[in-house]
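The lines below spell out each chain.
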Amino acid sequence: MSAPTEQFADFAKRGQDLVTESVRSWTDTVQGLAGQFTGGSRPQLPDAGVTVDRVFDFYEQLLGHQRELARTVVGAGTSVVDQLTEQASRAAEAVTEHTAAGTEKVAETAQKSTRTARPSSK
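Read on for an overview of the structure. Please read these numbers as outputs of a predicted model, since none were measured by experiment.

Structural notes on the overall build of the chain
Piece 1. Within the chain one finds two helices and zero strands.
Piece 2. Sorting the 122 residues of the chain into buried and exposed places 7% on the buried side.
Piece 3. Summed over its atoms, the accessible surface of the chain is roughly 10,200 Å², and 58% of this surface lies on carbon and sulfur atoms.

This is the structure we're talking about:
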């Protein structure tokens, strides 16, 4: 496995863990509220400010991981493009050299043919 692929898998796992943690937190909150309703007492609602902070903290972490993932993917793509460009340049050089060598051989053959085709003057 290449390093970008491993990083991609790591970021995906981190994102999945954050989502799982968030869902678990929301589930615990809802179960706590439901338990308060069934106990006959007035439910104690969570502090709205704390809840807002937690939600935005979660999304801030998630966005940070997505940014790292995007940078890794772009970096891997850039690396692949660089490698392909280098390979294409080498292939073009090889074709040019091969063509030049072939052209020289054709020219030499033409010169030899011209020499042998000339009538000898006596």
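Back to the text.
Focus: the pattern of salt bridges
Piece 1. With the rule as written, the count across this model stands at four salt bridges.
Piece 2. The salt bridge involving Asp17 is made with Lys13; its shortest N-O contact spans 3.2 Å. With a gap of four residues between them, Asp17 and Lys13 both fall in helix H1 (residues 3–38), about one helical turn apart.
Piece 3. What makes Asp17 partly exposed here is its relative accessible area of 39%.
Piece 4. Residues joined in a network through salt bridges with shared partners are Asp10, Arg14 and Glu68.

Regarding the side chain of Thr72
Piece 1. Looking at the secondary structure, you find Thr72 in helix H2 (residues 48–117).
Piece 2. With near-sequence residues (within four places) excluded, Thr72 lies in contact with Pro4, Gln7 and Phe11.

As for the packing of aromatic side chains
Piece 1. Applying the stated criterion to the full structure yields one aromatic pair.
Piece 2. Here the aromatic rings of Phe58 and Tyr59 are separated by 4.8 Å at their centres, their planes lie at 70°, and the arrangement is edge-to-face.
Piece 3. For Tyr59, a relative accessible area of 49% corresponds to the partly exposed category.

Digging into a negative patch on the surface
Piece 1. The grouping of Asp47, Asp53, Asp57 and Glu60 at the surface amounts to a negative patch.
Piece 2. Looking at the element boundaries, Asp57 is found in helix H2.

Some remarks on the environment of Asp10
Piece 1. Within the secondary structure, Asp10 is located in helix H1.
Piece 2. For the pair Asp10 and Leu69, spaced 59 residues apart in the sequence, the C-alpha separation amounts to 9.1 Å.

Calculation notes
Residues numbered from 1 in each chain as written. Predicted model: local features only at pLDDT ≥ 70, side-chain atom pairs only at ≥ 80, totals over all residues. Heavy atoms only, no water. Helix = DSSP H or I, 4+ residues; strand = E, 2+ residues; numbered from the N terminus. Buried < 20%, exposed > 50% of the residue type's maximum accessible area, 1.4 Å probe, protein only. Areas by Shrake-Rupley, 256 points an atom, 1.4 Å probe, with all protein chains shown as cover. Salt bridge = Lys/Arg side-chain N within 4 Å of Asp/Glu carboxyl O. Contact = heavy atoms within 4.5 Å. Phe/Tyr/Trp six-rings, centres within 6.5 Å; stacked < 30°, edge-to-face > 60°. Patch = residues over 30% accessible without salt bridge, like charges linked within 9 Å, V, L, I, M, F, W, Y side chains within 5 Å. Lys, Arg positive; Asp, Glu negative; His and termini not counted. Charge placed at Lys NZ, Arg CZ, Asp CG, Glu CD.

That is the geometry; function is a separate question.
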